[in-house]
Each structure stands twice: as structure tokens, then as C-alpha cells.
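Each chain, letter by letter, is given below.
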Amino acid sequence: MKGIKLTTTLTLCLIGFYTLFLAPVSYLSVRIFEDVTFEEISKARVTQLNANVGNVSGFISDIQDEALLFVSNEQLIQYLSRYPETPYDGIVQSRYIGSLVTQLLQFKRNIQSIEIYTSHYNQNLPLPPDSVIQPLEKLTSEPWAQKIVNADGIWLPVKELSEANTGYLSYVHPILNVRSEAIGYVKFNISVSKFKELIDPDVRAELQGSLLIVDSGGQVMASIYTEDGAMGKLDGISLQLDTADWLRNPDHFWSSGYERAAQQSESALWLYSRPGKIQWRLIQYIPTDVLRQKMPHLGRDIALIGLASLLLSIPLAYFVARGIIGPVRSIIQGMRKVQEGQFDVRMRNYSIDEFTQLSSSFNHMVLRLQDLIRSLDAEHRAKRRAEVQVLQDQIKPHFLYNTLDFIHWQAMDHGARDISKMVQRLGRMFQIGLSKGRPFITLRNELEHVNCYIEIQKARIEMDFAYREEVPLHLKNCFVPKIILQPFIENCFIHAYRKTVSSDKKLMIQVIVFEDSQRHALHIRIQDNGIGLEPSAHKQDRGIGIDNVKERIQLYCGYPYGLTVSNAAEGGVVVDITLPVIQNEDERNQCLEGKRDD
């Protein structure tokens, strides 16, 4: 199955990382731009509110002054201080009060209507239907009646609101007699539209959300301006102001500013002016959604910029990925050439340190492979030379074996059984040495080869000597390199026999074989009881030769296998041969191929 190319994967990763980076950056850009925009709008609107709060405060003060002047009218106080004696007196009083109100309304166009509450009129003294005088019972039934009892005057919030701004704001002031007793109340009703006229035309053109008149306690007295669809939110706005910590914070009381707060799922901007001379202020409530409508293309523009940046990043990511993957591709191509046997490939250095290290490692690997191949080739040639040497030393065993077999039968025909036996043993030695050209034979055959040599020496040498073997039966089927014991047995006869021939000492030769299960090794020990090796003695090779045996063990078995020759503590020479335990033909073939891992 064909996999995805690294260039494609890296390009997609770079684009993915850029997208993950671009998304929060775009979002933060929108938020930061909104925050900066909201801050600038807030500062400008607060300045406008501070410029207009004086007009509102002055207008309210004028209404209070007019009310105070109205309730100070001596004739009015005199009429309301005593009950009318006759209906005619009541009519005279009613007409005077009505004319007084009419004159004031004509003079003060900002006042929509005036109501006077008194207890002088009842069922016995009825009032005309359109009279400005109202029975006191009507006032005492209002929820705010208790507030006016001990107050010089109170303002009542808008009684009725509509999208046409037909509601009115009311100011109630008591009418006191000479004993400072309340003999009635006057109520001035001011249309909300009059407050809107107090705001500068430039400000009115830019109004958004709701513009509120709020008293010192945070109560919404009137909404000067409310955008379409926002009328139903005024109750919620009042509740928000009732719980607004920023409005009741002493640090904010005498100052102007703005706050951004969230109520339930809606976020809004609160702009507040500094208090006027009657401690009232203007507060503008603008939902943030309304402000966002003024910049509808901001999100779209930033999204388009982000998309354009993303599209531009695709070719950039591709070229960056190619620049990173280029050295990797060069190294892969170099590896393919090495696989094809071209060991002259070299990688150049790159500007990126990691790739330079990788190319240096690659070059070092190729050089090492060349050295290993040369070494293996040299070992192979040495192994072939050793095998050829074995064949040469056997002096053409095919011809010799056939010739000896012929001599054996001729000796049998002439009754020379001793000669026949010796020739038969020599023929068997050549047969085992030939072993069909295989470099490994079983330990059983190797010991048989040694026994044949011992039998020949017994016939040759008129001397009594002993040969003994200690070999576990299960180890005789293990494979060993052929003709590795006979050269050392031959040395025993050459050196040890010559030294002991003139003495009464009997020559003893023993072969001991045991297994090291921990190291998975086969140990063969050849020991005689001669005088040992002299320091000045020179090694003499006979037959295949000791050096040949050592070289073949190293070639076939490798490290740590081999042999050592030393003097025994009790006298004589000890030869220790260490070989791997090879129990079957598969392990033998692995050893020949150099693949065995012990």
C-alpha cells in the first residue's frame, strides 16, 4: 500500500498549524478592535452626556422653582386654608385657581398640565368635570402618597411610557398654610418629549439604545430616547441599575464614565454623566449588539483577510516543506544507490545543522560498509585458502584412498594382516578427512579420525603408551571443524614421546570433552604428561598444522572461540579448544554463512 508523501504531510501540518494560529488571532483581533472602538465611542458619548446634563438639570430646577412660586401665592393659600361657606364661594375659588393654573401654563410651555389636590370639595360642593382641582382622596390612594407627607417635594417617575413618548414626569409639592400645615398639593406634569428637546440636535442624531434620566438613588425617572423595539427592556434596565455596583460606588458618584456589563445573555455598554446640581444624571444604555450593527462588515473583512492569508500560506508552506524534505530525499536516493551496490555515493553538507549531521552519518555508514565488505571479502579468500590448504595437505586423498584400499586387499591376499590393518586405518583417516568436501563433521567422526591415527602410531612405535577419552555420549553428535584434534595428538608423539623415550615414564594422552551450558560452548581438552613446552622451543607444524586449525576455527566460528596451548601445573602440555555447540545441520549452515549469533 502506497503511503502519503512526507512533503504532503508536512505541508498539511504547516497549513493546519497556521489555521490554528490564525483562528484565535482573528478572534482576538475582532475583540480588540471592538474594545478599542467601544472605548472611543464611550469617551465621545460621555463627553456629550456631560455637555447636556446641565440643560436637563436646569430645566428640572426651573420646574421646582415654578412649583415653589406657585404654592407661595397668598391668595391660593388663603382660599385653600378655609372651606367655602357657600357653593358660590366654592365656584369663585375654583375659577381663581383655574385662572392661576391657566396663566402659568400659558407662560411655561414646558409644563403639560397642573393638578391641585385638596379636601375642600366633596359631594356637597361638586367640581366641574374639567377642573384642575382634584379631591385629596385621589392622591392618598397613590402608592407614592406616603413619600410626600414629610417631604418638601418629590419627583415621580414616568407614569406611562409608549414608543410615541407620550408619558410624563411629575413633580409634587405640598401647599402649606401659615402654620406649615399641608392644606393641599400641586402636581406639575412635564411631557417626556420636552426633555428630548433639551438634548443637542447633533447628539439626538447619534442616539442609540436608551437615554435615561436617573435620580441620585439610581431610579430611572424617564427615558428620553428609546430605539424601536427597546421599550420592553426598560423594566430590565431599571432592575440592572438597582443592582449596579458601579452606580453606587462612592468613587464614581461625582464622576462620569462608562462600564461594560452583562445581564443574563446580553452584554451592554453603560455610559453615565457626572451628576447635575440636583444630583441627577444622564445614563445611556447601549446593547453591544447595537454597536456591532454599526460595523457589520468588521467580522467579514477580518475573515476575508484571514482566508486570503491562509490561501497565501499554502504555496509558502509547500516551498518550506520542500526545503525541509529536499535533503531527506537526497539521502533516500543515496541509500537506494547503496542498495544497488554503488558505494561511492557521498552526501554534501547542508545549511541546517541536523541535516549536516545526518549526511555525515550517512557518509560514515557508507565508508564503514565498504570496510566491512572488504573485510568479508578478505575473510572469504582466507577461508578458501585454508580449505585449499587442507586439500593440498591431504595429498590428493581420492587417489591415496583408492591406492591404499588396493594395498589393503593385496596384503590380505598375502596374509600380511598387520600391514592390512595399518593401511585400513590410514584409508579411514583419508576418508574422514575428505568427508565429501564438508568443512564440519561430527565429533564422533573426529574422534574416530584420532583413534585411527593412534592405531597407526601403536604399530609404528615400539613403546607402551596410553590414550583415554572422556566424552559424554550426547555430545558426540555435535558438529566440529574437521581435523582439529589430530595435529595436537601428533605433537604429543613428536615432542612428549621423544622426551620420555629414555625414561621409565609412560606416555599418557587424554581427550576430555564437556559442555558449558551458560555460555553454550563446547570445550575440548587435550593433555599429555610430558615435560611441557620449553620457552625457547619453536612450534613445528605437522599434518594440517596447529596454525591452520586455529585459523579455521576463527574463520568459521568467530570470536570468542579458538584455542590455547599452555603448560599444565603438574607437567605436560594442555590444549584447550572452545567451539560453539552445533547440534544440527541448520546451525552448521548458519555457522558456515557467518549468521550464527551465540
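Residues numbered from 1 in each chain as written. Predicted model: local features only at pLDDT ≥ 70, side-chain atom pairs only at ≥ 80, totals over all residues. Heavy atoms only, no water.

Trainee: What is the right way to read the pairing of strand E16 (residues 562-567) from this model?
Mentor: Note on strand geometry: in a regular strand, side chains alternate between the two faces of the sheet. Sheet topology places E16 next to strand E17 (residues 573-580); six bridges connect them, and they run antiparallel. Paired with Thr564 across the strands is Asp576, a residue of E17. The hairpin turn running from E16 into E17, its antiparallel successor, is five residues long, and Gly571 in that turn takes a positive phi close to 110 degrees. (Pairing = 2+ DSSP bridges. Helix = DSSP H or I, 4+ residues; strand = E, 2+ residues; numbered from the N terminus.)

Trainee: Help me understand the confidence of the model for the protein, please; the structure alone is not making it clear to me.
Mentor: Close inspection of predicted coordinates is inappropriate in any region flagged by low pLDDT. Looking at the protein, pLDDT values average 77 and 76% of them are 70 or higher. Across the protein, the element-wise mean pLDDT spans from 58 in helix H8 (residues 234-242) up to 93 in E17. Counting interchain partners and residues more than four positions distant, the pLDDT-below-50 stretch residues 160-165 has 14 contacts. Across residues 538-543 the pLDDT falls below 50, and counting only partners more than four positions away or on other chains, this stretch makes ten contacts in the model. (pLDDT = per-residue confidence, 0-100. Contact = heavy atoms within 4.5 Å.)

Trainee: Help me understand the environment of Asn150 in this model?
Mentor: Note on placement: Asn150 falls in the loop between helix H5 (145-149) and strand E3 (154-156). Along the primary structure Asn150 and Pro174 are separated by 24 residues, whereas in three dimensions their C-alpha atoms are 9.5 Å apart.

Trainee: Help me understand unusual backbone geometry in this model?
Mentor: Negative phi values dominate among residues other than glycine, just as trans dominates among peptide bonds. A positive phi angle, close to 55 degrees, is found at Ile483, a residue other than glycine. Despite not being glycine, His520 has its phi angle at roughly 55 degrees, a positive value. Within the secondary structure, His520 sits in the loop between strand E14 (507-516) and strand E15 (521-528).

Trainee: Sorry, what's going on with the packing of helix H2 (residues 74-81) against helix H3 (residues 87-107) here?
Mentor: For any two helices packed against each other, the geometry is given by the interaxial angle and the distance between the axes. With their axes 11 Å apart at the nearest point, H2 and H3 run at an angle of 145 degrees to one another. Handedness of the H2/H3 crossing: left-handed. Here H2 contributes Gln75, Leu76, Tyr79 and Leu80 to the contact with H3, which in turn contributes Val92, Gln93, Tyr96, Ile97 and Leu100. Among the residues making up the contact of H2 with H3, the classes are represented as seven nonpolar, two polar and no charged. (Axes fitted to C-alpha atoms, helices over the stretch in contact; angles between N-to-C directions. Left-handed = near helix turned anticlockwise from the far one by under 90°. Nonpolar A, V, L, I, M, F, W, Y, C, P; charged D, E, K, R; others polar.)

Trainee: Is there a simple way to explain the sheet that holds E16 in this structure?
Mentor: Backbone hydrogen bonds hold the strands of a sheet together, and the pairing may be parallel or antiparallel. Strands sit in the order E12-E14-E15-E17-E16 across an open sheet of five strands; the sheet is mixed. Each end of this open sheet is capped by a strand with a single partner; those strands are strand E12 (465-470) and E16. Strand after strand, the sheet turns through a mean of 10 degrees between neighbouring axes, direction not considered. Across seven bridges, the pairing between E15 and E17 is antiparallel. The residue of E17 that forms the bridge with Ala521 is Pro580. Helix H16 (residues 443-460) contacts E12, E14 and E15 of the sheet and is inclined by roughly 175 degrees relative to E12.

Trainee: Quick question: what am I supposed to make of H2 here?
Mentor: Along an α-helix, residues three or four positions apart point the same way, because every turn accommodates 3.6 residues. Those residues of H2 that sit buried are Leu76, Ile77, Tyr79 and Leu80. Buried residues along H2 cover an arc of 165 degrees about the axis, so they all sit on one side. The N-capping residue of H2, defined by a side-chain oxygen 3.0 Å from the backbone nitrogen of Gln75, is Asn73. (Buried < 20%, exposed > 50% of the residue type's maximum accessible area, 1.4 Å probe, protein only. Arc of directions from axis to C-beta. Polar contact = N/O pair within 3.5 Å; in protein donor to acceptor, adjacent residues only side chain to side chain.)

Trainee: Mind showing me how you'd approach the nonpolar core here?
Mentor: A general trend in soluble globular proteins is that nonpolar side chains are found buried together. With 45 residues, the main nonpolar core has Ile489, Phe493, Ile577 and Leu579 as its most contacted residues. Elements with a minimum of two residues in this core: H16, E12, strand E13 (479-481), helix H17 (486-500), E14, E15, helix H18 (546-557) and E17. Among the elements that make up this core, the one with the highest residue count is H16 (seven residues). Non-local contacts of Ile489, meaning those with residues more than four positions away in its chain, are made with Val450, Tyr453, Ile454, Tyr467, Ile509, Val511 and Ile526. (Core = buried A, V, L, I, M, F, W, Y, C linked by side-chain atoms within 4.5 Å.)

Trainee: What should I look at first to understand the pattern of salt bridges in this one?
Mentor: Pairing of side chains with opposite charge becomes possible as their charged atoms draw close. The full count for this structure, using the stated rule, is seven salt bridges. Linking Glu585 and Arg588 is a salt bridge whose minimum nitrogen-to-oxygen distance equals 4.0 Å. Residue Glu585 and its partner Arg588 are located together in helix H19 (residues 585-593), separated by three residues, close to a single helical turn. (Salt bridge = Lys/Arg side-chain N within 4 Å of Asp/Glu carboxyl O.)

Trainee: How should I be thinking about the sheet that holds E3 in this particular structure?
Mentor: Read across the open sheet, the five strands follow the order E2-E1-E5-E4-E3; overall the sheet is mixed. Among the strands making up the open sheet, the edge pair consists of strand E2 (133-135) and E3. Taking the axes of each pair of neighbouring strands and ignoring which way they run, one obtains an average angle of 30 degrees across the sheet. Bridging between E3 and strand E4 (residues 168-176) involves three bridges; their strand directions are antiparallel. The partner of Leu156 across the bridge, within E4, is Ser170. The sheet strands contacting H2 are strand E1 (111-118), E4 and strand E5 (182-191), and the helix crosses E4 at an angle near 70 degrees. Set on the sheet, H3 makes contact with E1, E2 and E5; between it and E1 the angle comes to about 155 degrees.

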